[in-house]
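# Architecture and fold: a report
Given next are the chains, with one letter for each unit.
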Amino acid sequence: MLFHVSDNGVWQKAIANIKNYLKDVDEGAVQIQVVANAGAVGSYYDKDLLDQMQTLSEESGVLFTACRNALQAFSLDVNLLPKFVEPVSGGITEIVNKQADGYIYIKP
Amino acid sequence: MLFHVSDNGVWQKAIANIKNYLKDVDEGAVQIQVVANAGAVGSYYDKDLLDQMQTLSEESGVLFTACRNALQAFSLDVNLLPKFVEPVSGGITEIVNKQADGYIYIKP
Amino acid sequence: MLFHVSDNGVWQKAIANIKNYLKDVDEGAVQIQVVANAGAVGSYYDKDLLDQMQTLSEESGVLFTACRNALQAFSLDVNLLPKFVEPVSGGITEIVNKQADGYIYIKP
């Protein structure tokens, strides 16, 4: 299951989506990945939501990823990404590949 | 076919999408479901668009659903939902399940 | 691969998405289509982004399409569409059909 976040304003909604969804599924039954691209990568450098993201990563295995093209476009240092966020070479490429692998796409 | 509406501002567009699509398909040939979650559930309590939704429901069999998590988050009473709107326990869970059943996903 | 653009404000992001994606795939390896509907068709009549779109069309074979319902709703003359943009009778119908054909859906 793939959450595509391309706008900083949608993160709060995306996090609520994931929390609610996790209530409905058995632990470990589903792999959830968040692909942040475009302006949405900025929130990885902002303390506001990081605690909630980190909890989702550590306690529920949600994979948070960041598009390197977007990091570059917004002059964000990939080395300063939070430890639980994984950079991917291209956000759209990642979305295409994961959908081809059977991941369900959701745009919060 | 699944329309995911997560923002009140997109309802007008979603309704136009559905009306236009219905012109292109044979009656009864397709099952259309709208899943409203997040702030979008508010429009179910607002008279502005309800007539158009109700017509789509009654005349074309469009299924309108509302995420219970969102209703709770916005303190909206599920018992006051319009008769033609069906609550679902989780909007995202509904979207995942229906996509797994073969529904095509569209975000207006 | 299908990019659904339903808002003028998202075009810049969509174009960057496509450019970045094209860096990751072999030339001719993928068919990319953009379906513009609702207000997003307006950008086809605005010089700002047309050069970039035309380059993507001519050099990378990206197919740009415009929903006729939207053109009509915004009183835009289909005959004044740029040469590289193809009108489709319904944007949503096009998205449904192409997804049924196996196209991956992305909402920038």
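Here's a quick rundown of the structure. (Residues numbered from 1 in each chain as written. Chains lettered and ligands numbered in written order. Predicted model: local features only at pLDDT ≥ 70, side-chain atom pairs only at ≥ 80, totals over all residues. Heavy atoms only, no water.)

## Focus on the relation of the copies chain A and chain B
Related by rotation about an axis and a shift along that axis, the two copies of the chain form a pair. Selection criterion: We superpose the copies by least squares over the C-alpha atoms of residues that have a pLDDT of at least 70 in both of them. Two residues form a contact once any of their heavy atoms are found within 4.5 Å.
For the pair chain A and chain B, the best superposition has an RMSD of 0.0 Å and corresponds to a rotation of 120° with a translation of 0.0 Å parallel to the axis. These values place the two chain copies in the arrangement generated by a three-fold rotation axis. Of the C-alpha atoms belonging to chain A, the one lying closest to the rotation axis is found on Lys107 of chain A, 4.1 Å away. When you check the interface residues of chain A against chain B, a mere 15% turn up at the interface there too, and the two sides of the contact use different surfaces.

## Considerations on the pairing of strand E4 (residues 85-88) of chain C
All names here are of chain C. Condition: Strand pairing is assigned whenever DSSP identifies at least 2 bridges connecting the two strands. Under the scheme used here, helices are H or I runs from DSSP no shorter than 4 residues and strands are E runs no shorter than 2 residues, and both carry numbers assigned from the N terminus. By convention a crossover is right-handed if, when the strands point away from the viewer, the path from the first strand over the helix to the second runs clockwise.
Pairing analysis gives four bridges linking strand E3 (residues 63-67) to E4, with the strands arranged parallel. Along E4, the bridge assignment pairs Thr65 with Glu86. Following the chain from E3 across helix H3 (residues 68-73) to the adjacent parallel E4, one finds a crossover that is right-handed.

## So, the interface of chain C and chain A
Put simply, the rule is: Summed over both partners, the accessible area (1.4 Å probe) lost when two parts come together is defined as the buried area. Any Lys or Arg side-chain nitrogen found within 4 Å of a carboxyl oxygen on Asp or Glu counts as a salt bridge.
Taken together, the contact between chain C and chain A spans 13 residues of the former and 16 residues of the latter. For the pairing of chain C and chain A, the buried interface totals around 1,100 Å² over both sides, and the portion due to carbon and sulfur atoms is 59%. Joining chain C to chain A, the criterion identifies zero salt bridges. Of all the elements in the fold, those that place two or more residues in the side of chain C that touches chain A are helix H1 (11-24) and strand E5 (105-106) of chain C. Looking at the side of chain C that touches chain A, the element that brings in the most residues is H1 of chain C, giving six residues.

## Description of helix H4 (residues 91-100) of chain C
Residue and element names in this part refer to chain C. The test is simple: The cut-offs for exposure are 20% and 50% of the maximum accessible area for each residue type, with area from a 1.4 Å probe on protein chains only; residues under the lower value are buried, those over the upper are exposed, and the others partly exposed.
Burial within H4 is extensive, with eight of its 10 residues counted as buried. Along H4, the residues classified as buried are Gly91, Ile92, Thr93, Glu94, Ile95, Val96, Lys98 and Gln99. Among the residues trailing H4, Gly102 stands out with phi positive, at a value near 105°.

## Considering the relation of the copies chain C and chain A
Take chain C, turn it by 120°, move it 0.0 Å along the axis, and it overlays chain A with an RMSD of 0.0 Å. Residue by residue, only 15% of the interface of chain C is reproduced at the interface of chain A, so the copies engage with different surfaces.

## Here we look at the sheet that holds strand E2 (residues 33-36) of chain A
Residue and element names in this part refer to chain A. The parallel open sheet is built from five strands, whose spatial order is E4-E3-E2-E1-E5. Each edge of the open sheet carries a strand with a single partner, namely strand E4 (85-88) and strand E5 (105-106). For E2 and strand E3 (residues 63-67), the ladder comprises four bridges, and the chain directions are parallel. Across the sheet, residue Val35 finds its bridge partner in E3, namely Thr65.

## Thoughts on the pattern of salt bridges
Any two side chains of opposite charge can pair if their charged atoms end up close together. Residues and elements named next belong to chain A. In this structure the tally under the stated criterion is three salt bridges over all chains. A salt bridge links Lys98 to Glu94, with the nearest nitrogen and oxygen atoms 3.1 Å apart. On the criterion of helical spacing, the pair formed by Lys98 and Glu94 is a turn pair, its members being four residues apart in helix H4 (residues 91-100). Each member of the pair, Lys98 as well as Glu94, is classed as buried.

## As for the side chain of Ser57 of chain C
On the secondary structure map, Ser57 of chain C appears in helix H2 (residues 47-60). Note on Ser57 of chain C: relative accessible area 16%, which makes it buried.

## What about helix H1 (residues 11-24) of chain B?
Helical periodicity: at 3.6 residues per turn, an α-helix aligns residues three or four positions apart in one direction. Condition: For a helix, the expected span equals 1.5 Å multiplied by the number of residues minus one.
Counted at 1.5 Å a residue, the expected span for H1 of chain B with its 14 residues is 20 Å, and the 20 Å between its end C-alpha atoms agrees. Taken together, the buried residues of H1 of chain B touch strand E1 (2-5), strand E2 (33-36), helix H2 (47-60) and strand E3 (63-67) of chain B together with H4 of chain C.

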